[in-house]
Amino acid sequence: MTGLLAGKTALIFGIANERSLAWGIARRMYEHGARIGLAYAADRLRRRVEPLAAKVDARFLARCDLARDEEIDELFARARTELAGIDILVHAVAYADRNELGGDFSQTSRAGFHLAMDISVYTLIALTRAALPLMRPGSSILTLSYYGAQKVAPNYNVMGVAKSALESSVRYLAAELGSREVRVNAISAGPVRTLSAQGVTGFRSAETEYGRASPMRRNITSDDVGDAAVWLSSPMARNVTGEVLYVDGGYNIVAGGLRPRRTGPSSGDAPSRRKP
Ligand SMILES: NC(=O)c1ccc[n+]([C@@H]2O[C@H](COP(=O)([O-])OP(=O)(O)OC[C@H]3O[C@@H](n4cnc5c(N)ncnc54)[C@H](O)[C@@H]3O)[C@@H](O)[C@H]2O)c1
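Every value quoted in this text rests on a predicted model; they were computed, and no experiment measured them.

Points about the overall build of the protein
And step 1. In terms of regular secondary structure, the protein is built from seven helices and seven strands.
And step 2. Along its sequence from the N terminus, the protein presents helices and strands in the succession β-α-β-α-β-α-β-α-β-α-β-α-α-β.
And step 3. In summary, the protein has a C-alpha radius of gyration of 20 Å against a globular reference of 19 Å for 276 residues, a match within 12%.
And step 4. Burial analysis of the protein (276 residues in total) assigns 50% to the buried set.
And step 5. Residue pairs at least 24 apart in sequence account for 74% of intrachain contacts in the protein once pairs closer than 6 positions are excluded.

Below, the structure written as structure tokens:
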């Protein structure tokens, strides 16, 4: 317990189950002293979310379909009385029709495009606007992105375009809100086996590729994302805003992927094969 977030209140959107990145973030923020509020999308998730909320002594737990403005308004009306102020807003939300996450990108439908952009991008703007009156100076807003925003990732398709727009929205919001002492950043996470991730065709190959070809030669976990979120939301990151922080074992710095680390007698570095 280092208490980097002692005295702070975090309102976290996007928890579906114990695999959710939102849960990794909630758990780590709680361990660092934050008071936790959680919001989930639909009634069918309550059974899974309630026991998790209890584990982090959640002061606030609400259902909110972010596709509906009136539900966002209701949630923040409740938050105003039950939480008083907010220091950390976490947007760990994305959605696209499964049919859009595979096959040819040129086949993206108009409806599929609108849906992905609405839930995965616009909701960050809507949540920021609704939360701002409750946000104290020194506050932090965080969202979650993926490398498919920057480079073509197989099958990521419309979600890649949505993540590009999300990262751009982070910069526009950060530029606007800096003068109010509110910071806005994104964490670009490597693949983690969550409910949403498994909806992307070929997700397992991406996971294998990151584990094999990233500088750290391993996959990340939701705890890694949670730890980065704690730092980004703490006073230690007080002059960091508008950024996309990669938590991906370094995968994004490498062109074409690294070769597996060679060990043992067949290694080119093995003494027996060195010239004297
Ligand atoms: N898992 C990965 O590999 C990975 C990598 C990089 C980025 N991300 C991003 O992390 C974020 C969290 O995803 P996750 O991987 O934890 O999966 P997840 O399925 O656990 O979380 C996605 C959440 O979005 C919520 N959501 C969808 N539509 C909603 C709506 N209309 N209203 C409110 N909430 C809604 C879902 O209920 C769910 O809780 C997403 O933005 C995702 O793109 C995930």
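Next comes the rest of the write-up.
Points about the packing of aromatic side chains
And step 1. What the rule picks out here adds up to six aromatic pairs.
And step 2. A network of ring pairs unites the aromatic residues Tyr146, Tyr147, Tyr156, Tyr210, Tyr246 and Tyr251 as a single cluster.

Digging into the pattern of salt bridges
And step 1. Scanning all chains against the criterion turns up 14 salt bridges.
And step 2. Two residues, Asp43 and Arg63, come together in a salt bridge whose shortest N-O distance is 3.3 Å. Pair noted here: Asp43 is in the loop between β2 (35-40) and α2 (46-55) and Arg63 is in strand β3 (residues 60-63), with a separation of 20 residues, a long-range link.
And step 3. One salt bridge in this structure joins Glu70 and Arg68, with 3.1 Å as the shortest N-O distance.
And step 4. Within this structure, Asp43, Arg46, Arg63, Arg68, Glu70 and Glu71 form a network of salt bridges that share partners.

Description of the side chain of Asp87
And step 1. Tracing the chain through its elements places Asp87 in strand β4 (residues 86-91).
And step 2. Taking the relative accessible area as the measure of exposure, Asp87 reaches 7% and is therefore buried.
And step 3. At 2.8 Å, the side chain of Asp87 and the backbone nitrogen of Thr9 are in polar contact.
And step 4. With near-sequence residues (within four places) excluded, Asp87 lies in contact with Gly7, Lys8, Thr9, Met135, Arg136, Ser139 and Ser140.

What counts as what
Residues numbered from 1 in each chain as written. Predicted model: local features only at pLDDT ≥ 70, side-chain atom pairs only at ≥ 80, totals over all residues. Heavy atoms only, no water. Helix = DSSP H or I, 4+ residues; strand = E, 2+ residues; numbered from the N terminus. Rg over C-alpha atoms; globule rule 2.2 N^0.38 Å. Buried < 20%, exposed > 50% of the residue type's maximum accessible area, 1.4 Å probe, protein only. Contact = heavy atoms within 4.5 Å. Phe/Tyr/Trp six-rings, centres within 6.5 Å; stacked < 30°, edge-to-face > 60°. Salt bridge = Lys/Arg side-chain N within 4 Å of Asp/Glu carboxyl O. Polar contact = N/O pair within 3.5 Å; in protein donor to acceptor, adjacent residues only side chain to side chain.

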